[in-house]
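Chain by chain, the residues run as shown.
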Amino acid sequence: MNQLVTETAKAEADGKWQPEIIAFCCNYCAYAAADLAGSRRMQYPTNVRVVHVPCTGKIEMEHILGAFERGIDGVLIAGCLEGGCHFLEGNLRAKKRSEYLREMLDQIGVGRDRLRMVNLSAAMAPTFVERVKEIVETVESLGPNPLRKSGTP
Ligand code: FES
């Protein structure tokens, strides 16, 4: 994450703000979809960093809030289809957490639209790419994370 923040700080120094997005992808479906997108050479914005997690149910609220506190502009949580989580209900727990966090992000002035959750099967590479492009566009329209301190990672 620090490398991503540094790259963006460089872009800002050049006067070009680029949103920094983290995509937390569960091992079994979403990461496989992201991997498939890569092996099919499907293009998606380079300012999105994929973070491989065992299951979206393992993503704690502190991980997401911590990312926003450190200046990340948007977070995508990508898990298995509902009913398809390999840890039974991990994606349902992640869904509840992300809904709660979206509410909280609104309350603290960051904005709910900076956090999204998507459910994918391993074969849904085009959907993964589409969702990534959507969150990048949304965050670009929102501007930099208001928690980001100018010039500091
Ligand atoms: Fe994919 Fe749980 S293993 S969301």
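Refer to the preceding data block for the structure.
Worth saying up front: this structure is predicted, and the values here are computed from it rather than measured.

Cut-offs used in this document
- Residues numbered from 1 in each chain as written.
- Predicted model: local features only at pLDDT ≥ 70, side-chain atom pairs only at ≥ 80, totals over all residues.
- Heavy atoms only, no water.
- Helix = DSSP H or I, 4+ residues; strand = E, 2+ residues; numbered from the N terminus.
- Buried < 20%, exposed > 50% of the residue type's maximum accessible area, 1.4 Å probe, protein only.
- Contact = heavy atoms within 4.5 Å.
- Areas by Shrake-Rupley, 256 points an atom, 1.4 Å probe, with all protein chains shown as cover.
- Pairing = 2+ DSSP bridges.
- Axes fitted to C-alpha atoms, helices over the stretch in contact; angles between N-to-C directions.

### Brief notes about the overall build of the protein
Within the protein, the secondary structure is distributed over 5 helices and 4 strands. Here the protein holds 153 residues, and 42% of them are scored as buried. Across the protein, every contact between residues at least 6 apart in sequence was considered, and the portion connecting residues at least 24 apart equals 80%. Looking at the protein as shown, the accessible area adds up to about 8000 Å², and 51% of this sits on carbon and sulfur atoms.

### With respect to the sheet that holds strand S4 (residues 115-120)
Strands sit in the order S2-S1-S3-S4 across an open sheet of 4 strands; the sheet is parallel. Edge strands, defined here as strands with exactly one partner in the open sheet, are strand S2 (48-53) and S4. On average, adjacent strands in this sheet sit at an angle of 20° to one another, irrespective of strand direction. Two elements, strand S3 (residues 74-80) and S4, share 6 bridges in a ladder whose sense is parallel. Within S4, the residue paired with valine 75 across the bridge is leucine 115. Set on the sheet, helix H3 (residues 61-69) makes contact with strand S1 (21-26), S3 and S4; between it and S3 the angle comes to about 155°. Relative to the sheet, helix H5 (residues 125-142) contacts S1, S2, S3 and S4, its axis offset from that of S4 by approximately 170°.

### Things to note about the environment of phenylalanine 68
Residue placement: phenylalanine 68 occurs in helix H3. Not counting chain neighbours up to four residues away, the residues in contact with phenylalanine 68 comprise Asp73, Gly74, Val75, Leu105, Val110, Arg114, Leu115, Asn145 and Leu147.

### Overview of unusual backbone geometry
Its identity as a non-glycine residue notwithstanding, arginine 41 has a phi of 55°, on the positive side. Judged by its relative accessible area of 72%, arginine 41 is exposed.

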